[in-house]
Amino acid sequence: MKIRATSSSSIQYIFIQKDFGVQGIIDFTQNASNNLFNSLSHFPRDLMQLHNQNLFFETSIIIKDINPALNLLTFTDEQLKLPINPINAYTKLLNLENRPVVYFIDLEADLKVVKKSILNSGQKVWNYTFCGKSDKQPEFFNKSHYFDNAIDLIETYGSNFKKIKSVLSQITEGSKGFKFKVNKEENDRKIYNFNPTIANYFTSTQINNEFWKLKYPKSVDTPKTNIRNKILLDSVIEIDNRHLKFIKERNSSHRLPILVLSFPFYNPTIYGLTKDNAKTKKEKIYSKVLHIEQSTDYLNYFEANSDEEKILAEIALRTILNPKLKLLDGIAFLQASFNFSPTMRFPIIGKSIYKELSFFNPKNNFFSTSKSRKNKLQSIIKFGTKLSELTIAKETKEYIANRDGQILVISDLPIELLCLDSVPISFTHDVCRIHESNYQGTLNNYSANNRIQYSVNEETLKNTLVILSADADKNDDHEFRASYETVKESSRRLNFKYEYCRTISEIASAVEKYKPEILVFDCHGNIDEEKKTSYLVINGERLYGDDIIKYKIFAPIVFLSCCNTNPNYGYIHKIQDAFFQAGALTVTGTFLPISIQRGTVYYLRLLNLLNVEFSRQVHSNWLSFISQIIRSSILHEAYLKTNIKLNREMTDEEKERLSYFLLQTHQFGKRKEIFLNLMNEGIKLSDELNITIEDTESEFLMYSHYGRPDLILLESKNSEEKPAGNTVYKT
């Protein structure tokens, strides 16, 4: 891993919020953070955009080491009192002495501490504004550095552009050609006042116009009809078309950017707590209001039985639901900023999907019998179809289904099972996910990817560590014994590391010893109902998220070959969030029990194919690679069925037919047909051998890829390496 390269003219934004009790944690329920994240899309990411937006957009695509994301750091006022002030530390690390820095300061924060930290940083180009609400008058300092909003900041840059370029010239010559060329004319464009489209508007203007539009467009009230879906879809298509135009004009291998989708959801655990704790009539009304769902037209479902209920509903919408959704839009924009991606936020849902979702609650143990396992696919299709019907309009569904691009989803729902035309989206598309409910975890993952650049290369395989449970060592009767023997044999051939561990401290020691790039856990996993979380089991000892954080147990890539590592029905504390907090960039886990043999075969197949990936160069990033590994795992079922049911090896003809089928899974346009064949008549490899989805027990649909595996590139070590650090644009 290395520090991600940045442009010398990139703008560093810093948010300082009042500490509310847990050091370093941002309180997303406060006005300060809510208002900030909702407005970030209004701000420029780089001074280059105030010179030529198109040049910045196209350069960020051409030069892969350039990070176009909006750079945001978040601190609490208590952190500024630490012996090592984070503002000073990052000023030195990111060379902020001579780069533009913008502060968003919570009015509730300790302003004296904030002022002292800023003035002692040595930064030469800095500005600040306040956010949030306070009963006291804000204490302005160095008022010439103050700005009121994004337009005010840009105009301030224009007034001081010569001075700013002079400061930048101390670290780069590239900025000398910059000219402040923003469009100050009236903005004649009209946009509907529909929050999910706002970020797309600002992204679109930044990639479609040469000059930054200083004035905001004219806002038009949104009609209360199904036009909302069309407005949102059109804003996505507008961004996609700009990327396609670049591809065509430059004859580029660049693909459509990852599509960022948000599916807001009421956690059933939280819903149950508020419902059960409501005793009085007023409390019961309020509990009902707190879980208002929306139609596919984004209209709120709520039947008020009295004027009192109507008033409470309006208050809840204004003070709770709308801020929550706006915050989600802001976080989606941050994730989209890595690629100038379009975003879509779908209607919020809750109890209308609880029944179908309950089938995947591990507490119910619904798929424990042979008969119920056969019904697993039916449950998946039923859930995925219902979710699709509740949230996505027909035209949008068709566009996503036919869009050949990767997908990032922000949601607590198992969105991998979302069905577009009877096919789970994780089979047709490369899908990764970030949890909605843990806003801090989402921000931490964004910040990590914004600061750190990691690529997989030929050396990664030998820097892979597999953790095995020590109680299976030398125990012939242990259920993991056979699969562990396969792991040991594969290790000798592929040169990755494995360790039998007895305790948490032994796991920590192994991770410290090998410092792996890929960390695999091959063991049992289970859920803790009381703590509402999952844990891993090593030699009978439980490894919880707190242990992972305490002992810094992580690698850039984590693969959990364990059951129930991400239960989807009301479990609040997710174990992958602990890996992210420890330092991981992506975590692959499961949300239902998996078989020991399949689980081991899946990651061993991953390591085998990684061994040959760089000679073939099929995949550009880790999401593409890992998605194809899981999607094409039907390979294992063919061999298994041949050996067990037919008691023989596969013939050359069957292998050739299987290879042809696997090759087709690489083709986006073929995947829907392949899945429907598997679900219906099966894939015929010979008269004796026909593979159906029942043979797989649908386990290849049980995996989720968390974080941003799409930002982890697969690169040959021998390819030309560009130095990390500041990158200079040539104008």
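In this text the structure is predicted, and so the values were computed from the model without any measurement.

Conventions adopted
- Residues numbered from 1 in each chain as written.
- Predicted model: local features only at pLDDT ≥ 70, side-chain atom pairs only at ≥ 80, totals over all residues.
- Heavy atoms only, no water.
- Phe/Tyr/Trp six-rings, centres within 6.5 Å; stacked < 30°, edge-to-face > 60°.
- Helix = DSSP H or I, 4+ residues; strand = E, 2+ residues; numbered from the N terminus.
- Buried < 20%, exposed > 50% of the residue type's maximum accessible area, 1.4 Å probe, protein only.
- Lys NZ or Arg CZ within 6 Å of the ring centre and 35° of its normal.
- Pairing = 2+ DSSP bridges.
- Axes fitted to C-alpha atoms, helices over the stretch in contact; angles between N-to-C directions.
- Contact = heavy atoms within 4.5 Å.
- Expected span 1.5 Å × (residues − 1).
- Core = buried A, V, L, I, M, F, W, Y, C linked by side-chain atoms within 4.5 Å.
- Salt bridge = Lys/Arg side-chain N within 4 Å of Asp/Glu carboxyl O.

A. The packing of aromatic side chains, seen in detail. Taken as a whole, this structure holds 37 aromatic pairs when the rule is applied. Seen in terms of ring centroids, Phe15 and Phe37 are 6.3 Å apart; in terms of plane orientation they differ by 90°. Their pairing is edge-to-face. One end of the pair, Phe15, is in strand β3 (residues 12-17); the other, Phe37, is in helix α1 (residues 31-39), and 22 residues separate them in sequence. The exposure classification of Phe15 matches that of Phe37, with both residues buried. Here Lys143 stacks its cationic end above the ring of Phe140, 4.6 Å away from the centre of that ring.

B. Summary view of the sheet that holds strand β22 (residues 524-528). The sheet built from three strands is open, its strands ordered β22-β23-β24 with antiparallel pairing. Every other strand in the sheet has two partners, leaving β22 and β24 (541-543) as the edge strands with one partner each. Going across the sheet, the axis of each strand differs from the next one's by a mean of 40°, ignoring polarity.

C. Molecular detail of the sheet that holds strand β6 (residues 126-131). Taken together, the four strands give an open sheet; going across it, the order is β4-β3-β5-β6, and neighbouring strands pair in parallel fashion. Edge positions in the open sheet fall to β4 (71-76) and β6, since each of these has one partner strand only. Direction aside, the axes of adjacent strands within the sheet are offset by 20° on average. Of the strand pairs in this sheet, β3 and β4 are connected by six bridges, and their pairing is parallel. When the bridges of β4 are listed, Tyr13 appears paired with Leu72.

D. Representation of the environment of Gly682 within the structure. Mapped onto the elements, Gly682 comes out in the loop between α26 (671-679) and β27 (683-684). Accessibility expressed as a relative area gives 9% for Gly682, which makes it buried. With 259 residues separating them in the primary sequence, Gly682 and Val423 have C-alpha atoms 15 Å apart. Those residues in contact with Gly682 that sit more than four places away from it in its chain are Asn677, Asn690, Ile691 and Thr692.

E. Structural view of helix α14 (residues 376-391). For α14, spanning 16 residues, the distance from its first C-alpha to its last is 23 Å, which sits close to the expected 22 Å at 1.5 Å a residue. Listing the buried residues of α14 in full gives Lys376, Leu377, Ser379, Ile380, Ile381, Phe383, Gly384, Leu387, Ser388 and Thr391.

F. Quick look at the nonpolar core. Leu413, Phe521, Ile553, Phe579 and Trp622 are the most contacted members of the largest nonpolar core, which has 132 residues in total. Considering every element that reaches this core, the biggest residue donor is helix α22 (residues 596-616), with seven residues. Residues Tyr13, Phe37, Cys131 and Phe246 belong to the second largest nonpolar core, which totals 59 residues.

G. Fine view of helix α21 (residues 575-582). By the criterion of burial, α21 is predominantly enclosed, with seven of the eight residues buried. Looking only at α21, the buried set comprises Ile575, Gln576, Asp577, Ala578, Phe579, Phe580 and Ala582. Count one or two residues on from α21 and you reach Gly583, which has phi positive near 140°.

H. Broad picture of the pattern of salt bridges. Throughout the structure, instances matching the rule amount to 28 salt bridges. The salt bridge partner of Asp404 is Arg255, with a shortest N-O separation of 2.8 Å. Of the two residues, Asp404 sits in the loop between α15 (394-402) and β13 (407-410) while Arg255 sits in the loop between α8 (227-250) and β9 (259-262), which places them 149 residues apart along the sequence. Residue Asp404 is classed as partly exposed on the basis of its relative accessible area, which comes to 36%. Ionic contacts of the salt-bridge type, sharing partners, join the residues Glu58, Arg242 and Arg250 into one network.

I. Here's a closer look at unusual backbone geometry. For Asn539, which is not glycine, the phi torsion reads 55° and is therefore positive. Within the secondary structure, Asn539 is located in the loop between β23 (533-538) and β24. Given a relative accessible area of 30%, Asn539 falls into the partly exposed group. Residues other than glycine seldom take positive phi values, yet Asn647 does so here, at roughly 55°. With respect to the helices and strands, the residue Asn647 is situated in the loop between α24 (634-645) and α25 (652-665). For Asn647, a relative accessible area of 67% gives the class exposed.

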